[in-house]
Amino acid sequence: MALARLAPPPRLVDWSILALVGFEVGSGLVSLTVGTPDGAWLFVLHAIAGFTLVGLLLFKFRRVRHRVTDTARWDGGTPVSILLGTLALAALGTGVVWALAGPVRVAGWPLLFGHMVLGVSVVPVLLWHLRHRFRLPSTAGVEARRTSLQYIALVGTGALAWRVQGAVSDALSLPGADRRFTGSKEDGSDAGNEFPVTSWVADDPDPIDAGDWALSVTGEVEQPRSVTYDTLVGTTVGEERERATLDCTSGWYSDHDWHGVRVGDLLDQVEPTDEARWVRFRSVTGYRWSLPLEEARDALLATHVDGEPLSHGHGYPLRLVAPGRRGFQWVKWVDSVELTRRQDLGQWVAIHVSGLG
């Protein structure tokens, strides 16, 4: 009965769940591009919203439990509702377990990746569920003051649960306490090429012969040029280095000393035109990503990691090292640097289809 008194009106609960699911999926996707601590607030809101969603689901499950447990009351939408509830609980549960436990892997994949897949899977099932259960929001039975207090209590409880989870992890020194603000956990730092090899979607070319490879620097430049691997290695290793964190969206991070050529030094040799605003880094697979010109100048094109030549899996002969960016933006197997006037929005398609041909 106490739980019932705390529950907002049924339709508000339903629409609140819909809104929070949308926020969780949206904030989760946006967070994949956040790599600097000044964006940590997004991860905090994502976590608080998740705990708040748990409370709303408790209200929802309490209300519909008889329609689920009594098979005589089932209709065409009941199996979809059960699937939706299962996926939602699995997504929330894997998120909590990842936050508390060590670098758990399932079938070789970090549990955080499973959390993302489950979260995205909720969306189509939820849309199908709405086909059977859609009801317009109603103000019937809504008392503004009481409902406002109920939602303040819900969000406050979600925030408190997030704080308690963090405090418990720290107090008990749980494995999950040692993670970045992104949720990623350390794996293979300062061990040369001994850190995880991952690729976005299907990006995985055959090994590259450095003798047949060259880096082209073109676009909005006065002096286009091509640079061989021997030239890069012979003039830059030991001279340009960057201590940077590679934070992979699949749930791990790794700290390394990267060696190579500073992009700014390379650009000075080709003399960018006044129209140049962006720098596009392209892989031999067609995978590509662009950085604003000033940010790109501070990036590194690495040939070595912790003093070792990059392995094929880590981008040999050349990969982009972009501090503050997530791992999928660190283009591997780079063979082209192009200065452009505008950001390349087509990169969002390229990173999903490269390697599929």
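If you're wondering where the values come from, they're calculated on a predicted model, not measured in any experiment.

### Quick notes on the overall build of the protein chain
Part 1 of the reasoning: The number of helices and strands found in the protein chain is 10 helices and 13 strands.
Part 2 of the reasoning: With the principal axes as the frame, the protein chain shows a C-alpha extent of 75 × 45 × 40 Å.
Part 3 of the reasoning: Residues classed as buried in the protein chain amount to 43% of the 357 residues present.
Part 4 of the reasoning: A fraction of 74% describes how many contacts in the protein chain between residues 6 or more apart in sequence connect residues 24 or more apart.
Part 5 of the reasoning: Working note: accessible area of the protein chain is about 17,700 Å², and carbon and sulfur atoms make up 60% of it.
Part 6 of the reasoning: For the protein chain, the separation between the mean place of its 33 positive charges and that of its 39 negative charges on side chains is 18 Å.

### Some remarks on unusual backbone geometry
Part 1 of the reasoning: Going from Tyr 316 to Pro 317, the amide bond is cis rather than trans, its omega being 15 degrees.
Part 2 of the reasoning: For Pro 317, the location among the structural elements is in the loop between β11 (308-309) and β12 (319-321).
Part 3 of the reasoning: Although it is not a glycine, Ser 173 sits at a positive phi angle of roughly 50 degrees.
Part 4 of the reasoning: Relative to the elements of secondary structure, Ser 173 occurs in the loop between α6 (144-171) and β3 (185-186).
Part 5 of the reasoning: A positive phi angle is found at Trp 333, which is not glycine, with a value near 55 degrees.
Part 6 of the reasoning: Mapped onto the secondary structure, Trp 333 falls in the loop between β12 and β13 (334-340).

### Structural notes on the packing of helix α2 (residues 10-31) against helix α3 (residues 40-69)
Part 1 of the reasoning: Running from N to C, α2 and α3 cross one another at 150 degrees; their axes reach a closest spacing of 9 Å. Taken together, α2 and α3 sit at an angle that is classed as roughly antiparallel. Between α2 and α3 the crossing geometry is left-handed.
Part 2 of the reasoning: The class makeup of the residues in the contact of α2 with α3 is 15 nonpolar, seven polar and four charged.

Conventions used here
- Residues numbered from 1 in each chain as written.
- Predicted model: local features only at pLDDT ≥ 70, side-chain atom pairs only at ≥ 80, totals over all residues.
- Heavy atoms only, no water.
- Helix = DSSP H or I, 4+ residues; strand = E, 2+ residues; numbered from the N terminus.
- Buried < 20%, exposed > 50% of the residue type's maximum accessible area, 1.4 Å probe, protein only.
- Contact = heavy atoms within 4.5 Å.
- Areas by Shrake-Rupley, 256 points an atom, 1.4 Å probe, with all protein chains shown as cover.
- Lys, Arg positive; Asp, Glu negative; His and termini not counted.
- Charge placed at Lys NZ, Arg CZ, Asp CG, Glu CD.
- Axes fitted to C-alpha atoms, helices over the stretch in contact; angles between N-to-C directions.
- Parallel < 35°, antiparallel > 145°, perpendicular 65-115°, else oblique.
- Left-handed = near helix turned anticlockwise from the far one by under 90°.
- Nonpolar A, V, L, I, M, F, W, Y, C, P; charged D, E, K, R; others polar.

Note that all results are geometric; they support no functional claim without further evidence.
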